[in-house]
Amino acid sequence: MNLTPKKTPGKSSRAILMAAAFSLPLTAAALATGASAQDVQPVPAANGPAEVLTTVTAPLPGALGELAVGPEVEGFISGRRGDRVEVTTSDGAAVMLAVTPETRILARGGFLGLGSKDLAADALLDGLPVKVTTREWKGGLAAERIRFSGSDYETALMIAQGTNGRFVRNEALIGQNAEGVEANAAAAEQLRGRFGDIDQYNVKSTTNVYFGSGRSSLSAEARGELCNAAAQANEIDNALLLVVGYTDSTGSQEVNQRLSEKRAGNVVNFLQQQCGWAPYRMLTPTGMSESNPVADNTTAQGKAQNRRVAVNILVSKSVDGYQSDAGRTARR
């Protein structure tokens, strides 16, 4: 079986369009592959007899160098369970891989730099496009080397953090508001349902607003552009907004990180309070400091273009219809 997809989206489009936090569930068959031991422990119950908690523990292969070379797997990470990673290929096949202490996890380029970087297993985020070389063993396939781009990892991390935070805040709002609880709960559940099987977005458009050096306040021009962007997004069914803040290269990394987060937060507040954008249709604001410059940071003009917040209008492909549009990407 050839697990390498015949067609791979463009690198820049793929990195922007992934939704790392929205994983596909692991199948029962995939989880059971290679399972050999069970730990059974009684769990006290408040009322009635104790329940039984069963934990399935799957074995790991031995030295990878002693195993036969397996096929290359290319796709996106669609689930994690312990030391098992599920990768969904372009034809929809779900492949379960064992991650061992010998597995090398490599990222190249992006905000990680030009050279390859070895990362830990917690870098394997849901939605991350990967290429995996494998070894065959009696339990299935073991990952020998997992490779992905630093730009893809950056975007996956950004979306994962934003999505988790947004769900937490929405649920807190539902508990606090006496009025409109049912409407807010329905909206949150609808959003969760849409995200249950999403792996990519279509980017409809991106609006950039700019800031003075060291400043996070919105100019009159920026305010007008933000409400125009919100109005445009409101015309699109199921649209979400992903807001990302950036800085130029002046100052320390710590200062720039806080500044980029504050800029993004101010944009989100204005969109919600002044432009009427619903909170449950907003990803958590994310600050990316001086990463991904769009212009030369050695000139005043370039720095001015890098002091920005990007407002991306996203629609999940599950509701927008799949479009293979590798040339479209948000300017960040």
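**Q** Whenever I open this one, the packing of aromatic side chains confuses me. Can you help?
**A** When we look at a pair of aromatic rings, we describe it by the centre distance and by the angle of the planes. According to the stated counting rule, one finds one aromatic pair in the structure shown. Residues Phe-148 and Tyr-153 carry aromatic rings whose centres are separated by 5.9 Å and whose planes lie at 35° to one another, so their mutual orientation is tilted. Under the relative-accessibility criterion, Tyr-153 is labelled buried at 14%. A cation sits over an aromatic face here: Arg-308 above Tyr-246, 3.9 Å from the ring centre.

**Q** Looking at this structure, how should I read the side chain of Ser-216?
**A** Among the secondary structure elements, Ser-216 is positioned in the loop between strand 10 (201-210) and helix 5 (220-234). A residue is classified by how much of its surface remains accessible, and Ser-216, at 10% relative accessible area, is buried. In this structure, Ser-216 is in contact with Phe-211, Leu-259, Lys-262, Arg-263 and Asn-266, ignoring residues within four places of it in sequence.

**Q** Whenever I open this one, the pattern of salt bridges confuses me. Can you help?
**A** Two side chains bearing opposite charge may form a pair once their charged atoms approach each other closely. Evaluation of the coordinates by the stated rule reveals five salt bridges. Of the charged contacts, one joins Arg-135 and Glu-144 as a salt bridge, the two residues approaching to 3.2 Å between their closest N and O atoms. Residue Arg-135 is classed as buried on the basis of its relative accessible area, which comes to 14%. The exposure class assigned to Glu-144 is partly exposed, which follows from its relative accessible area of 26%. Residue Arg-307 pairs with Asp-248 through a salt bridge whose shortest N-O separation is 2.9 Å.

**Q** Would you mind showing me how to read helix 6 (residues 253-273) here?
**A** For an α-helix, the turn length of 3.6 residues means that residues three or four places apart are oriented alike. Across its 21 residues, helix 6 extends 30 Å between first and last C-alpha, which sits within 8% of the 30 Å expected from 1.5 Å per residue. As for helix 6, its buried residues are in contact with strand 10, helix 5, strand 11 (240-245), strand 12 (286-287) and strand 13 (308-316).

**Q** Please explain helix 5 as it appears in this structure.
**A** Compared with an ideal rise of 1.5 Å per residue, which puts 15 residues at 21 Å, helix 5 spans 21 Å between its outermost C-alpha atoms and is within 8% of the ideal. Check the buried side of helix 5 and you find it contacts strand 10, strand 11, helix 6 and strand 13.

Calculation criteria
Residues numbered from 1 in each chain as written. Predicted model: local features only at pLDDT ≥ 70, side-chain atom pairs only at ≥ 80, totals over all residues. Heavy atoms only, no water. Phe/Tyr/Trp six-rings, centres within 6.5 Å; stacked < 30°, edge-to-face > 60°. Buried < 20%, exposed > 50% of the residue type's maximum accessible area, 1.4 Å probe, protein only. Lys NZ or Arg CZ within 6 Å of the ring centre and 35° of its normal. Helix = DSSP H or I, 4+ residues; strand = E, 2+ residues; numbered from the N terminus. Contact = heavy atoms within 4.5 Å. Salt bridge = Lys/Arg side-chain N within 4 Å of Asp/Glu carboxyl O. Expected span 1.5 Å × (residues − 1).

Shape descriptors only; they carry no functional weight alone.
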